[in-house]
Amino acid sequence: MLTLDHITLTYPDGDRDLVAVDDVSLTVAPGTATAVLGPSGSGKSSLLAVASTLTRPTQGLVRIGDDVVNAPAGHPEAAPDAVSARLRRERIGIVFQQPQLIDSLTAVEQLELMAHLQGRSPRSARSRAMELLDAVGLAPWAAKRPAQLSGGQRQRVAIARAMMSSPEVLLVDEPTSALDHDRGIQIVDLITTLTRESGAATIIVTHDEATLASVPTRIHLADGRITAGADATRSR
Ligand SMILES: Nc1ncnc2c1ncn2[C@@H]1O[C@H](COP(=O)(O)OP(=O)(O)OP(=O)(O)O)[C@@H](O)[C@H]1O
Ligand SMILES: [Mg+2]
């Protein structure tokens, strides 16, 4: 279970603060996906940055199960940065809006690099990487470099890479923004399938509601606040 507990994130902005995320609470059960929707600037990526532990909240806690994984700087439960980094590698899969693949590596090597960073054996990494590439429909492209792949194929490599550590939490920012409508639906369906099969607690950020047929749980953000969705009442 992923829990965002009264998360607020402010950015310094001149002599006052800009409130990017305003007291958002949300729970995501294992094996389910929640979509976060909202207009540009509504705080979606900021919320994901806190959920991913890349950014500390100004207030509030992020938990995986009973473990506090992100807390404000100086909070008694705030883990040191090195601990957060390890936890992020081991327990959280992140797919950024731009796939952020390494130009010189083939698809299968992108995945193997993740396993290497986690200290896993090369042989088990290769078989896991091939299994995941197969799951995202890319086994025949395993030896291709990013320049030889389409935008949707690159996005699928990034999703497979995020699954390499069998993360408990999967966070995906705008997976469909570079894709046409049908490809967008395929990517979202792929994420929901992987979520169900792996038992990850998944958040998909998007402003394209049309791709979300396979994602029943939706949260709407405006000006950093939840305005509608399953947990709307609990953020008050
Ligand atoms: N690093 C930062 N420093 C200062 N302000 C920021 C920073 N990142 C985002 N903001 C501000 O926080 C608010 C929320 O931004 P955020 O990127 O979370 O929006 P978003 O919903 O992801 O938008 P989009 O759909 O355009 O990606 C915006 O007003 C933005 O200008
Ligand atoms: Mg964004």
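Procedures and definitions
- Residues numbered from 1 in each chain as written.
- Chains lettered and ligands numbered in written order.
- Predicted model: local features only at pLDDT ≥ 70, side-chain atom pairs only at ≥ 80, totals over all residues.
- Heavy atoms only, no water.
- 1 Å grid on protein atoms, 1.4 Å probe; cavity = no way out; pocket = protein on both sides within 12 Å on 5 of 7 lines; lining within 4 Å.
- Points joined across faces, edges and corners; volume = space filled by probe spheres on them.
- Helix = DSSP H or I, 4+ residues; strand = E, 2+ residues; numbered from the N terminus.
- Nonpolar A, V, L, I, M, F, W, Y, C, P; charged D, E, K, R; others polar.
- Polar contact = N/O pair within 3.5 Å; in protein donor to acceptor, adjacent residues only side chain to side chain.
- Contact = heavy atoms within 4.5 Å.
- Pairing = 2+ DSSP bridges.
- Axes fitted to C-alpha atoms, helices over the stretch in contact; angles between N-to-C directions.

Put simply, the largest pocket is a space of about 290 Å³. Surrounding the largest pocket, 14 residues form its lining, Arg88, Ile92, Ile94, Phe96 and Met114 being those nearest its centre. Listing elements by their share of the lining of the largest pocket, those giving two or more residues are helix 2 (81–91), strand 6 (92–95) and helix 5 (151–162). Looking at the lining of the largest pocket, its residues break down into eight nonpolar, three polar and three charged.

Moving on: the side chain of arginine 128. Looking at the secondary structure, you find arginine 128 in helix 4 (residues 122–135). A polar contact of 3.2 Å, which involves the side chain of arginine 128, links it to the side chain of serine 166. Each residue touching arginine 128, except ones within four places of it in the same chain, is listed here: Arg120, Met163, Met164 and Ser166.

Looking now at the sheet that holds strand 2 (residues 16–28). Pairing between the strands of a sheet comes from backbone hydrogen bonds, and it takes one of two forms, parallel or antiparallel. On the basis of which strands lie adjacent, the open sheet formed by four strands has the order 2-1-4-5 and antiparallel pairing. Each of the sheet's edge strands pairs with one partner strand only, and the pair in question is strand 2 and strand 5 (67–70). For this sheet the average axis-to-axis angle between neighbouring strands, irrespective of direction, equals 35 degrees. Bridge count for strand 1 (residues 2–13) against strand 2 is nine bridges, and the pairing is antiparallel. From the neighbouring strand, threonine 10 faces strand 2, where its bridge partner is valine 19. Packed onto the sheet, helix 1 (residues 44–51) meets strand 1, strand 2, strand 4 (59–64) and strand 5 and runs at close to 120 degrees relative to strand 1.

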